[in-house]
Amino acid sequence: MSEPLLELKDLRVKYGNVEALHGIGLTVRRGEIVTLLGANGAGKTTTLRAISGLLRPSAGEIRFEGKPIHALPAHELVKRGIAQAPEGRRIFATLTVRENLMLGAFTRTDKPGIAETLAWIHRLFPVLEKRGTQLAGTLSGGEQQMLAIGRALMANPRILLLDEPSLGLAPLLVKAIFQTLREINQTTGVTIVLVEQNARAALKLAHRGYVMEVGRLVLEDSAQALLSNPKVQNAYLGSR
Ligand code: ATP
């Protein structure tokens, strides 16, 4: 197994006086796809937002490539290679698709590299090229999700944080997007942390998973083992 890329140690995050994460410890290795599962309110989004520097931990540590990063501003983390495609897409509706993508490259100055990444993203999601001059707000939900992922990839990240990429999408589209995520991981080796309510799809894609319950991690295993774990099946996979 390769070395750890991202490590969370006893991470605590508070909203005001209320603690939402009660000491999270997890490790993500280079090249892995790791999923965080859990019910609404378990703390998945809070964990991702702490990693990407949008929330400050009240205690504990986040290390990226061996160095502490939890005191750094979010834009510095993008420069270091951490990019998030947030929940609810958060694309800029009144900008074009192309402008949204270019904003993802705001920390980069290597013009040829940016053009290369853009061409690659257009190959991954041809619809983003086709609709390049269209306002992003006019895209369908699935296309907006592709745009959010594409925009995060424009930063040329080492780790891609994805918050609920399947939210509100039809099953076929979820399949297509998850297949593209696998391709991105396999061809570039980019590490992926995936927060998902769609546990089945997430575990089929991921190498490993963690299960969160009310601000704590309660289970960690290979994705395959989690898929066949009766507790996980009952709580998160439904009957099928
Ligand atoms: P969901 O899938 O619903 O987004 P989640 O697992 O991502 O759930 P979080 O959104 O991280 O969970 O929420 C964890 C806890 O923190 C919940 O109890 C939630 O109510 C609380 N929380 C989240 N955001 C805030 C906020 N801005 N202010 C106060 N409390 C918050």
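An account of the accompanying structure is given in this report. The model shown is predicted, which means the values in this text are computed figures rather than measured ones. (Residues numbered from 1 in each chain as written. Predicted model: local features only at pLDDT ≥ 70, side-chain atom pairs only at ≥ 80, totals over all residues. Heavy atoms only, no water.)

Here's the deal with the nonpolar core
Counting residues in each nonpolar core, the largest one holds 49 residues, and the members touching the most others are Leu128 and Leu181. Per element, the largest residue contribution to this core is six residues, and it comes from helix 6 (residues 141–153). Among residues more than four places away in sequence, those in contact with Leu128 are Val97, Leu101, Ile121, His122, Glu143, Met146 and Leu147. Judged by nonpolar contacts, the second largest core, of 28 residues, contains Leu11, Ile51, Leu55 and Ile62. (Core = buried A, V, L, I, M, F, W, Y, C linked by side-chain atoms within 4.5 Å. Buried < 20%, exposed > 50% of the residue type's maximum accessible area, 1.4 Å probe, protein only. Helix = DSSP H or I, 4+ residues; strand = E, 2+ residues; numbered from the N terminus. Contact = heavy atoms within 4.5 Å.)

Some points on the packing of helix 6 against helix 7 (residues 171–188)
Their axes nearest at 11 Å, the elements helix 6 and helix 7 cross at an angle of 15°. When the interaxial angle is binned, helix 6 and helix 7 end up roughly parallel. Seen from above, helix 6 lies across helix 7 with right-handed handedness. Between helix 6 and helix 7, the contacting residues are Gly142, Gln145, Met146, Ile149 and Leu153 on the first element and Leu173, Ile177, Leu181 and Ile184 on the second. (Axes fitted to C-alpha atoms, helices over the stretch in contact; angles between N-to-C directions. Parallel < 35°, antiparallel > 145°, perpendicular 65-115°, else oblique. Left-handed = near helix turned anticlockwise from the far one by under 90°.)

Description of the site of the ligand
Inspection of the region around the ligand gives Tyr15, Ala20, Ala39, Asn40, Gly41, Ala42, Gly43, Lys44, Thr45, Thr46, Glu164 and Gln197 as its neighbouring residues. Here an oxygen atom of the ligand sits 2.9 Å away from a polar atom, N or O, in the side chain of Asn40. For the ligand, an oxygen atom lies 2.8 Å from a polar atom in the backbone of Gly43. Within the complex, 57% of the 630 Å² of free accessible area of the ligand lies under protein. When residues of the shell around the ligand are assigned to their parent elements, the largest contribution, three residues, is made by helix 1 (residues 44–51). Residues of the shell around the ligand, tallied by class, amount to four nonpolar, six polar and two charged. (Near = heavy atom within 4 Å. Polar contact = N/O pair within 3.5 Å; in protein donor to acceptor, adjacent residues only side chain to side chain. Areas by Shrake-Rupley, 256 points an atom, 1.4 Å probe, with all protein chains shown as cover. Nonpolar A, V, L, I, M, F, W, Y, C, P; charged D, E, K, R; others polar.)

Some remarks on the pattern of salt bridges
Side-chain pairs of opposite charge can arise where the charged atoms are in close proximity. If you walk through the whole model with that rule in mind, you get ten salt bridges. Here Arg12 ties to Asp10 by a salt bridge, and the two come within 4.0 Å at their closest N and O atoms. One salt bridge connects Arg108 with Asp110, and the closest N-O pair in it is separated by 3.1 Å. Taken together, the shared-partner salt bridges in this structure form one network comprising Asp10, Arg12 and Glu19. (Salt bridge = Lys/Arg side-chain N within 4 Å of Asp/Glu carboxyl O.)

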